[in-house]
Amino acid sequence: MLDNGSEIHPLFEGAPSTTEFKKLRKRIVRETREAIQHFGMIERGAKWLVCLSGGKDSYTLLAVLHELQWRGLLPVEILACNLDQGQPGFPATVLPGFLERMGVPHRIEYQDTYSIVMDKVPQGRTYCALCSRLRRGNLYRIAREEGCSAVVLGHHRDDILETFMMNLFHGSRLATMPPKLVNEEGDLFVYRPLAFVAEADCEKFAKSMDYPIIPCDLCGSQDGLQRQQVKAILDGWEANNPGRRQKMFRALMNSRPSHLLDTDIFDFVGLSRNA
């Protein structure tokens, strides 16, 4: 991967020349490509609505997808989209300015979902469920208006693992964020190309590139979120046993229905022995 002048996409201009960063970049690009191929995300000639929040994960997603497109490995059209949800103090000029400078086709949409969330969610309850539902509905609408076949999100490996643990502890089910799904209406794919990428790598990458990170103060301002508790548990396990997160994530790709207890996915009643 070359890093001088016109030979790279503007999203990578000024990239550190250190061996450590080059290895990081190569790893993220490789893992993203592997996820796209493994889960069959490519429809040649498709148009993707790539959702950009301004966080480290979505910047990483945008850069890596353009890297793959530039290298001829992602034959789709990319439209970046930021949904400004009306949060007080949100720096509304940061993302439009960044995308203009980078020459990235984009759409900025303003919808005041913040006021709805603050009005509807009782005091002391978390905002995440309603906020994400309103955001998702708007993104689906935008994707349809722009002729996109897929909404592409920046959830990474750790998001997927944390969601699995939350469902296990609080939802009484074995489920997580799938890397690929079809929405309820059946007209759009939802992709998560960073499914194999570690959160720590996204953070290192975005910081190394000095992208203008915008924190989500709405969610981050709340204490005691279940996801924060799960993250702390996983951090403790990882500290005591390095590599534990990756082993747990690999387990999600290696399920054995006959060794679980769900009669809807394995016919225990019909199981017979050899006479």
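Because the structure is a prediction, the values reported are computed rather than measured. (Residues numbered from 1 in each chain as written. Predicted model: local features only at pLDDT ≥ 70, side-chain atom pairs only at ≥ 80, totals over all residues. Heavy atoms only, no water.)

Caption draft 1: Structural view of the sheet that holds strand S6 (residues 189-191). In space, the six strands of this open sheet follow the order S3-S2-S1-S4-S6-S5, with mixed pairing throughout. Bordering the open sheet on either side are strand S3 (106-110) and strand S5 (180-182), each of which pairs with just one other strand. Taken pair by pair, the neighbouring strands of this sheet meet at an average axis angle of 25 degrees, ignoring direction. Pairing of strand S4 (residues 150-152) with S6, which is carried by three bridges, proceeds in the parallel orientation. Across the sheet, the residue bridging to Val152 is Tyr191, located in S6. Of the strands in this sheet, strand S2 (77-84) and S3 are in contact with helix H3 (residues 94-102), which crosses S3 at around 170 degrees. (Pairing = 2+ DSSP bridges. Helix = DSSP H or I, 4+ residues; strand = E, 2+ residues; numbered from the N terminus. Axes fitted to C-alpha atoms, helices over the stretch in contact; angles between N-to-C directions. Contact = heavy atoms within 4.5 Å.)

Caption draft 2: A look at the layout of surface pockets. Here the second largest pocket is characterised by a volume of approximately 560 Å³. Along its surface, the second largest pocket is lined by 24 residues, and Phe164, Leu174, Ala251, Leu252 and Ser255 are the ones closest to its centre. Residue assignment for the lining of the second largest pocket shows that the elements contributing at least two residues are helix H6 (157-171) and helix H10 (244-252). The leading source of residues in the lining of the second largest pocket is H10, at four residues. Split into classes, the residues belonging to the lining of the second largest pocket amount to 19 nonpolar, three polar and two charged. (1 Å grid on protein atoms, 1.4 Å probe; cavity = no way out; pocket = protein on both sides within 12 Å on 5 of 7 lines; lining within 4 Å. Points joined across faces, edges and corners; volume = space filled by probe spheres on them. Nonpolar A, V, L, I, M, F, W, Y, C, P; charged D, E, K, R; others polar.)

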